Amino acid sequence: DGGITQSPKYLFRKEGQNVTLSCEQNLNHDAMYWYRQDPGQGLRLIYYSQIVNDFQKGDIAEGYSVSREKKESFPLTVTSAQKNPTAFYLCASTQIAGAEAFFGQGTRLTVV
Amino acid sequence: QKEVEQNSGPLSVPEGAIASLNCTYSDRGSQSFFWYRQYSGKSPELIMSIYSNGDKEDGRFTAQLNKASQYVSLLIRDSQPSDSATYLCAVIQRGGYQKVTFGTGTKLQVIP
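Keep in mind the model is a prediction, meaning the values are calculated, not measured.

Calculation notes
Residues numbered from 1 in each chain as written. Chains lettered and ligands numbered in written order. Predicted model: local features only at pLDDT ≥ 70, side-chain atom pairs only at ≥ 80, totals over all residues. Heavy atoms only, no water. Salt bridge = Lys/Arg side-chain N within 4 Å of Asp/Glu carboxyl O. Helix = DSSP H or I, 4+ residues; strand = E, 2+ residues; numbered from the N terminus. Buried < 20%, exposed > 50% of the residue type's maximum accessible area, 1.4 Å probe, protein only. 1 Å grid on protein atoms, 1.4 Å probe; cavity = no way out; pocket = protein on both sides within 12 Å on 5 of 7 lines; lining within 4 Å. Points joined across faces, edges and corners; volume = space filled by probe spheres on them.

### Points about the pattern of salt bridges
In this structure the tally under the stated criterion is 6 salt bridges over all chains. In this structure, the salt-bridge partner of Lys 71 of chain A is Asp 30 of chain A, at a minimum N-O distance of 3.4 Å. Of this pair, Lys 71 of chain A sits in the loop between β7 (64-66) and β8 (76-78) while Asp 30 of chain A sits in the loop between β3 (19-25) and β4 (31-37), placing them 41 residues apart in sequence. A relative accessible area of 24% means that Asp 30 of chain A is categorised as partly exposed. Linking Arg 60 of chain B and Asp 83 of chain B is a salt bridge whose minimum nitrogen-to-oxygen distance equals 2.8 Å.

Spelled out as structure tokens, the structure:
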């Protein structure tokens, strides 16, 4: 079945650590996105990528980094510079022609 | 002005009634419009997409688009308790990078 897989589902980070969230899709979609959602809030765009080896900052990119070395994969690293990383992280993908976004199951990150 | 605006709610409707959810957007050149449903703790799932002015119906759901007024709405007929969720409006704006922008969502409560 085609879809988007995010892992892990739950992640705990100690203060000062970098952590990487995985996102893999087999939909052959060109564009991929990372969103952050805080309790009771909407989705805020962190980074997005339209093609391999190219990505753009979203509205809240500070403290995050991404790479897009393969079409299928768009990992997100939450660095120690992100002071308030506890949130629900969602990865999505779309066809580049402006079609609907499909989401992974999400990763819930907690700082301990 | 936010790019995509929604009333956060909660919107409470009795079971069997029509629920009306509204969304406005700022970019007049926006091309594609979507409604997503998100249950608590889960990722968003696509309900409807609409690309041209007018109404689009799918079962109990009707999406309405008015580009002149920069307004998109979602009607849910015969509302059921299982429709209780947060509904997110999403817009793809014009430009080389077709970024998907989400509203903050409207929480719907269907009261049995």
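### Focus on the layout of surface pockets
Taken as a whole, the largest pocket holds about 480 Å³ of empty space. In terms of lining, the largest pocket is formed by 22 residues, of which the most central are Gln 37, Gly 40 and Gln 41 of chain A together with Gln 38 and Thr 86 of chain B. Of all the secondary-structure elements, those providing two or more residues to the lining of the largest pocket are β9 (85-92) and β11 (106-111) of chain B. The element best represented in the lining of the largest pocket is β9 of chain B, accounting for 3 residues.

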